[in-house]
Number of protein chains: 2
Amino acid sequence: MKLVKNATGRLVPVQVNGRKEIPFKGVNKFKPTGVKAKPPIRTCIDYPADGNKVVKNLKEALKKAGLKDGMTISTHHHLRNGDVLTNLLFDTIKQMGIKNIRWFPTASFPCHQHLIKYLEDGTIHHIEGSMNGPLGRFTTQGKMKGVGVLRSHGGRYQAVQDGEVHVDIAVIAAPTSDPFGNSNGVNGKSACGLIGFALADSEYADKTIVVTDNLVPFPCIPWQIQGNNVDYVVQIDSLGDATKIVSGTTEITKSPDRLLIAEYVAQFIEEAGIMKDGFSFQAGSGGTNLAFVLYLKERMKAKGVKASFVRGGSTKYLVQLLEEGLTNYILDGQTFDLEGVRSMRENPRHQNTSPFTSYNFHGKGNFASIVDAAVLGATEVDVNFNANVVTHSDGYLLHGIGGWQNCLYSKCTILAIPSFRDRIPVILDEVTTICGPGELVDVIITERGIAINPKRKDLIAAVKNSKLPIKSIKQIRDEVYEICGGAPAKPKLNKNKVVAVVKWVDGTVLDSVFQVID
Amino acid sequence: MKLVKNATGRLVPVQVNGRKEIPFKGVNKFKPTGVKAKPPIRTCIDYPADGNKVVKNLKEALKKAGLKDGMTISTHHHLRNGDVLTNLLFDTIKQMGIKNIRWFPTASFPCHQHLIKYLEDGTIHHIEGSMNGPLGRFTTQGKMKGVGVLRSHGGRYQAVQDGEVHVDIAVIAAPTSDPFGNSNGVNGKSACGLIGFALADSEYADKTIVVTDNLVPFPCIPWQIQGNNVDYVVQIDSLGDATKIVSGTTEITKSPDRLLIAEYVAQFIEEAGIMKDGFSFQAGSGGTNLAFVLYLKERMKAKGVKASFVRGGSTKYLVQLLEEGLTNYILDGQTFDLEGVRSMRENPRHQNTSPFTSYNFHGKGNFASIVDAAVLGATEVDVNFNANVVTHSDGYLLHGIGGWQNCLYSKCTILAIPSFRDRIPVILDEVTTICGPGELVDVIITERGIAINPKRKDLIAAVKNSKLPIKSIKQIRDEVYEICGGAPAKPKLNKNKVVAVVKWVDGTVLDSVFQVID
C-alpha cells in the first residue's frame, strides 16, 4: 500500500479499497470540481399506482432490489444500541448466500458485534462508517478484509452526494411509515426522534427499502424521509429494543473534576462575551456536556440572556431551555432521550435537521459555521491543538467521528476534556490519530486549566482579566506528564497495514489507523 | 418546422427551440432512460462562514450570479396576480442590457403584461411556463420569438430533474427568509402559504437568489426552501400586493347551473361508493369546485364519513373540513386564501407539499394516483373524453396546465364543467388542444347530465340504479350543439407556425398550439 505525507505530515494511502484518494491539503484548501452523483431517472409506470409499496419481507425486498455480491448496503444508527434490524438484515443477506458486501452504516454500536462473524466469513467485505467498540477492535487487529473508512456525518453526506460512495441498496429503519414509504422517527413504539441520517441514501441510492414496525395509513406525517424516494416497504414486528434505542448517555456527570470542567466551560462562554442575546451553541451528549448546559442555563437566567438557537443531539436539558423560553429553537440532529423525542413530536420550534442541512461541506454553506460555540470531547489533544476522537493512545479504533469534525467550524470550538484518563495523558505531544486539525480548535478546557489557541488573540484578550485559570497548552501537558509519568507508551503498530482511514469533511484523507500488534 | 403525428394523432414538432423532442407515445408508454441532472459540486469555502448571504440588491445578486445573454431565469407564481418581483426582475435585467433570456416561470398572470415590451425588445426570447391571459394572447398571435412550452406542475419538476431544462438562475420570491436563505411562505406581510413550486429550481439551478420583504434572523422556520441550496439573499420593500397575492377565485358560484353541477359531483361521489371512511379527494379553486366541497361535506356529515386526506389548493372550505374533523389531513400544493395560509402556519395536519411529492411522474411514485377522486375543470372536452385546459375554441392560449394533467391520474377523475359557455359548446367533437388523453378522464359532469367513460365499467355499474342523469357523452354533445347551433366555428390558424407546445407529464409532446390569424 503506497503511503504519502499529507498536509498534516501524516502518512496516508493514495488508494483505499481500490479507489484513488486525495491526501488532505489543509483546512479549506481542497476545492472540489465535477458534478454531483446522478441517480437514474425513474418513472411512476414502474411503481404501484395506489402507492402501496409493501412487500412480504426483507428477503423479498432485497431480491426485488436486485441484491448481488459486492454491493454497497447502507444502514443508519437511529436505533443506536437497540438496533435489531441491521443484524436481521445481514442474517438475511447471509441466508441468501450473498458475499463481499460493503457495509456503509452511519455508525455501528456494540450490538453489532453480531456481525463480526459475517466479516469473518466474507459476507461483509468491509465497513465504511464509524466502528464503535467491538467492530473497531476487530478492525484495529487487522482482521477486516478491506480498509475501514471513517467519515463525519457531514462527510458521509458529502461522499454520497459527490458520488464517492455509490449506495446500491439503502435499508432505512423507520419507527413509523406509510405504505408509500413516507417515514418518520417521532411516532411509534421504536420512536427515536428523527431519521435524517438516511436522507442522503434515500436521495442517491439505487434502491431504498424502508423497514418499519409501525405501518400507518397514508399519509405518514411528518415525512422526514419522502416516499417518493422509496422503492419498497417492509413491515416487521420490532425494529429493536426501545429502551436502548433512546439509550442516552444522558446522565449528568457526578465526577467533581468533570463538574469543574463543565463549570469552566460555562464561565468561559460568559466571560469571553459569547453568551449574549441571540447567541447559539451546540452541546453533545455525555456527562460533562450535559452539566455544562445546566451551568450555562443558570448564567443565562442570571443575566437575562436568551439564545436564538441551540443545536442538539437533544436531551431533556435542551428541551428545558426551549420550554423555559431560554432559546427560540432547538435545531436537532438526533434525539438522545425520550424528552427529546416528545419535544420534537410536539413542538414546531424543536426542528429536525439532517447532515445536509447542518454539516455537508460541499453545499452552499451549512449550519455548523453559524454556531457561536460548540462544546465537544476528544480522546487526545496535542500541543498543536490537533485532536483525536476515534482512537485511544493504545492505537485502538473505538469511536466514530459523528458530527465532531463538522462542528469544529463553529465560531468558537471548545474541547471540554479531562487532562488525563486512567492515568493516561489526554493532553500530549502528539495525537495517535488526527481527526481535527489544530487550527480549528480554539479552546481546551480541562480540570487543570484552560488553554486558548494562540491564533485566537481575540479570545485571549477577551478573558485576560477574568479569574479563569488560563494556561498554555504546554504547561498543561507538563503538569499531566508529571502526574502520569510522562507520555503514554506508544502502541506497537504494523506501519505496513492501514486498517482504516479518517476522512476530512471535504473527502480528502486526513490520517491513517494502523494495525495494532498485541 | 418539421411536424409529425404523435400517438393522439396530433401534429407536433420534433424540435422545439433547437432541442430535440419526443412525440407523445401514449399514456404510460414512454419510459425514460438516463440519469438525473447533475448540478456542480459546491463547497462551503465559497460561501460566507457566518451564513450571511445578503447582497445589496437584485442587480448585485444577478451580477454575482453571472447573468449573461441567453440564460434561463426561473420564477414562481406564489405571488400570483400580486407579484411585483418578476416585473422588477426583468426591469433590472433590461437595465443591465441583457438579451434573449428564456423565462421559465411556474406560471404567469395578467400582472405580467408588463413583460410584453421585453418580449418585443428581445430582453426575453421566449417563455416556458403557463401563460395566462395577455402573454398567452401575445404568444398565440405569433409574436413571441421562440416557441412557448407548457408543462404541468409535475412536468416542470420532471423537466428540471431530468435535465431537460437547465436553470441558470432561479429567483425565488420568499415572504420570509433568513440571511442564509432558509425561506417560507407562511409568515410575513406577503405570506402566500407555501413556496414549493421553487423546490426543483433550488435543487438544480446553478445559482439561486432568494428575494424577501421579511428578512428574519437565522433560523427561519419552517424552511420550505433550504438555505443550503441558496447563493444570495436580497431584501426589498415589497414583494407585491398582498390583497392580490392571496387573491382567490374563492367565492362560491351563484350560478344555478354551476350549483347543479356541484351537487351532481357530490352526489356522484357518494353514489359511486367513493365517499367512504378514509377516502380522499382533490378540489381546485373556482366557484364550482368550491360549491362541490360544501355539498360533499353535508353528505359526509350525514353519513358520518371522514376523509383520510384532502388535497388543495386549499381554501377556507377545506380548512373547515380539517377543523371540523371531517378529514385527517390537508395535503396542500398551494393556498388560495388567507384562511389556507393561517391553517398551514398553525396546523401541522395542514401539510405543505411540492410538485416533487405530489406530481413528478419521473419519481418512485407520486401522490396524484393515490387520490380517490379529483374534481377538475376544462375549457373543452370531446366525445372521446380528450380534454383541453389551455386554449379556447377560438384558438387562443389563455390558461396554464397547473397540476391538472397530474391529477388526471387519480382513481376517479371528474371534469365538472358547464356543457357550454357564452353559447359556445364545451362538449364537442374535437378539442382545439389535447391536454389530457381521454383514457384518463373518467366522468364528465355537466348541468345537462353525466357521461361516464365507457372504459369505466365499474363506475357505470356502481351508479346504474341511482337517480343521477347518466347520459352518453354524444348525447350531451348533441343537446349542446342543438342549443348552440352546432360545433364552434374553427379559428383561422397558420398551421406552419407552432407558437407553443403542450408537454405530457413524461416530457413528451402531446399537442401543438398554432398561430391564430385574426
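Residues numbered from 1 in each chain as written. Chains lettered and ligands numbered in written order. Predicted model: local features only at pLDDT ≥ 70, side-chain atom pairs only at ≥ 80, totals over all residues.

Quick word on the overall build of chain A
- Each helix and strand in chain A was counted, giving 15 helices and 32 strands.
- Here the C-alpha radius of gyration of chain A, 22 Å, is about what a compact globule of 518 residues would show, namely 24 Å.
- Its C-alpha atoms give chain A principal-axis dimensions of roughly 70 × 55 × 40 Å.
- Buried positions account for 60% of the 518 residues belonging to chain A.
- A fraction of 73% describes how many contacts in chain A between residues 6 or more apart in sequence connect residues 24 or more apart. (Helix = DSSP H or I, 4+ residues; strand = E, 2+ residues; numbered from the N terminus. Rg over C-alpha atoms; globule rule 2.2 N^0.38 Å. Buried ≥ 20, exposed ≤ 12 C-beta atoms within 10 Å, placed from the backbone. Contact = placed C-beta atoms within 7 Å.)

Description of the packing of helix α8 (residues 256-271) of chain A against helix α9 (residues 287-303) of chain A
Residue and element names in this part refer to chain A.
- Remark: α8 packs on α9, axes separated minimally by 8 Å, with the N-to-C direction vectors making an angle of 45°. The orientation of α8 relative to α9 falls into the category oblique. Seen from above, α8 lies across α9 with right-handed handedness. Listed contacts from α9 to R258, L259, I261, A262, E263, V265, A266, I269 and E270 of α8 are G287, T288, A291, F292, Y295, L296 and R299.
- When the residues that make up the contact of α8 with α9 are grouped by side-chain class, the tally is 10 nonpolar, 2 polar and 4 charged. (Axes fitted to C-alpha atoms, helices over the stretch in contact; angles between N-to-C directions. Parallel < 35°, antiparallel > 145°, perpendicular 65-115°, else oblique. Left-handed = near helix turned anticlockwise from the far one by under 90°. Nonpolar A, V, L, I, M, F, W, Y, C, P; charged D, E, K, R; others polar.)

A few points about the sheet that holds strand β27 (residues 427-428) of chain A
Residue and element names in this part refer to chain A.
- Taking strand neighbours across the sheet as the criterion, the 3 strands line up as β23-β22-β27 in an open arrangement whose pairing is mixed. Edge strands, defined here as strands with exactly one partner in the open sheet, are β23 (387-388) and β27.
- Relative to β23, strand β22 (residues 380-382) is paired through 2 bridges, and the arrangement is antiparallel. Within β23, the residue paired with E380 across the bridge is N388. (Pairing = 2+ DSSP bridges.)

Overview of the nonpolar core
- Residues V265(A) and V265(B) are the most contacted members of the largest nonpolar core, which totals 321 residues.
- Those residues in contact with V265(B) that lie beyond four places of it in its chain are F292(B), V375(B), I414(B), A416(B) and I445(B). (Core = buried A, V, L, I, M, F, W, Y, C linked by C-beta atoms within 7 Å.)

Description of the sheet that holds strand β16 (residues 232-235) of chain A
All names here are of chain A.
- Taken in spatial order, the 7 strands make up an open sheet running β5-β16-β15-β12-β6-β7-β9, and their pairing is parallel. Taken across any chain shown, the strands that pair with only one partner, and hence form the sheet edges, are β5 (54-55) and β9 (124-127).
- When strand β15 (residues 207-212) meets β16, the two strands line up parallel, connected through 4 bridges. Bridge pairing links V210 to V233 in β16.

Some words on unusual backbone geometry
Residue and element names in this part refer to chain B.
- Residue P219 follows F218 across a cis peptide bond; omega there is -5°.
- Along the chain, the position of P219 falls in the loop between β15 (207-212) and β16 (232-235).
- At the junction of I221 and P222, the peptide bond is cis and its omega measures out at 0° in the coordinates.
- Note that P222 resides in the loop between β15 and β16.

Structural notes on the pairing of strand β28 (residues 443-446) of chain A
Residues and elements named next belong to chain A.
- Burial along β28 is two-sided: V443 and I445 and I444 and T446, pointing in opposite directions, are all buried.
- Relative to β28, strand β24 (residues 413-416) is paired through 3 bridges, and the arrangement is parallel. Residue pairing for β28: I414 is matched across the bridge by V443.
- Pairing geometry for β28 and strand β29 (residues 449-452), over 4 bridges, is antiparallel. Bridge pairing in β29 links I444 to A451.
- Two successive antiparallel strands, β28 and β29, enclose a turn made up of 2 residues.

Quick word on the pairing of strand β6 (residues 72-75) of chain B
Residue and element names in this part refer to chain B.
- Here β6 runs beside strand β7 (residues 101-105); their pairing, made up of 4 bridges, is parallel. The partner of S74 across the bridge, within β7, is F104.
- Of the strand pairs in this sheet, β6 and strand β12 (residues 169-174) are connected by 2 bridges, and their pairing is parallel. Considered in β12, the bridge of S74 is made with A170.

Thoughts on the domain arrangement of chain A
All names here are of chain A.
- Examined at the domain level, chain A breaks down into domain 1 (55-245) and domain 2 (256-487).
- Taking only C-alpha atoms into account, the centre of domain 1 sits 29 Å from that of domain 2.
- In this complex, domain 1 contributes 31 residues to the contact, which on the side of domain 2 involves 30 residues.
- Taken together, the elements giving at least two residues each to the side of domain 1 that touches domain 2 come down to β10 (130-131), α4 (134-140), α5 (153-161) and α6 (199-204).
- Here the side of domain 1 that touches domain 2 takes 7 residues from α5, the largest share from any one element.
- Residues that form the side of domain 1 that touches domain 2 fall into these classes: 11 nonpolar, 16 polar and 4 charged. (Domains from an automatic or database assignment.)

Brief notes about the interface of chain B and chain A
- Across the boundary between the two partners, chain B contributes 48 residues, which contact 48 residues of chain A.
- Elements with a contribution of two residues or more to the side of chain B that touches chain A: β18 (307-311), β19 (327-332) and α12 (355-358) of chain B.
- Tallied by class, the residues present in the side of chain B that touches chain A amount to 22 nonpolar, 18 polar and 8 charged.

Side note on the relation of the copies chain B and chain A
- Here chain B sits on chain A after a turn of 180° about the axis and a move of 0.0 Å along it, with an RMSD of 0.0 Å. Such a combination of rotation and displacement between the chain copies is what one expects of a two-fold axis. For chain B, the minimum C-alpha distance to the rotation axis belongs to K38(B) and amounts to 2.8 Å.
- Comparing interface residues between copies, 100% of those in chain B also sit at the interface in chain A, which points to an isologous, same-surface contact. (Least-squares fit on C-alpha atoms with pLDDT ≥ 70 in both.)

Structural notes on the environment of H166(A)
- Among the secondary structure elements, H166(A) is positioned in the loop between α5 and β12 (169-174).
- Leave out the neighbours within four places in its chain, and H166(A) touches A37(A) and T72(A).

Re helix α15 (residues 473-484) of chain A
Residues and elements named next belong to chain A.
- Between the first and last C-alpha of α15 there are 16 Å, a value that for 12 residues agrees with the 16 Å anticipated at 1.5 Å per step.
- For α15, the complete set of buried residues consists of I473, I476, R477 and V480. Relative to the axis of α15, the buried residues are bounded by an arc of 100° and lie together on one face. Of the exposed residues in α15, the ones pointing more than 90 degrees away from its buried face are K474 and E482.
- In this fold, the buried residues of α15 make contact with β25 (420-421), β26 (424-425), β27, β28, β29 and β30 (470-471).
- Backbone geometry just downstream of α15 places G485 in the positive-phi region, at approximately 80°. (Expected span 1.5 Å × (residues − 1). Arc of directions from axis to C-beta.)

Here's the deal with helix α5 (residues 153-161) of chain B
Residues and elements named next belong to chain B.
- Among the 9 residues that make up α5, 9 are buried, leaving the element largely enclosed by the rest of the structure.
- All buried positions along α5 are accounted for by H153, G154, G155, R156, Y157, Q158, A159, V160 and Q161.
- The elements touched by buried residues of α5 are α6 (199-204), α12, α13 (404-407) and β31 (493-503).
- At the exit of α5 stands G163, carrying a positive phi of roughly 80°.

Section: the environment of R258(B)
All names here are of chain B.
- Mapped onto the elements, R258 comes out in helix α8 (residues 256-271).
- On the basis of neighbour count, R258 is assigned to the buried category, with 22 C-beta atoms found within 10 Å.
- Distance in space between the C-alpha atoms of R258 and A291 is 8.4 Å, their sequence separation being 33 residues.
- Ignoring any residue separated from it by four or fewer positions in sequence, one finds R258 in contact with T253, G287, T288, A291 and P418.

Focus: the confidence of the model for chain A
- Across chain A, the average pLDDT comes to 96, with 99% of residues at or above 70.
- Taken over the whole predicted complex, pTM reads 0.97, whereas the ipTM for its chain interfaces reads 0.96. (pLDDT = per-residue confidence, 0-100.)

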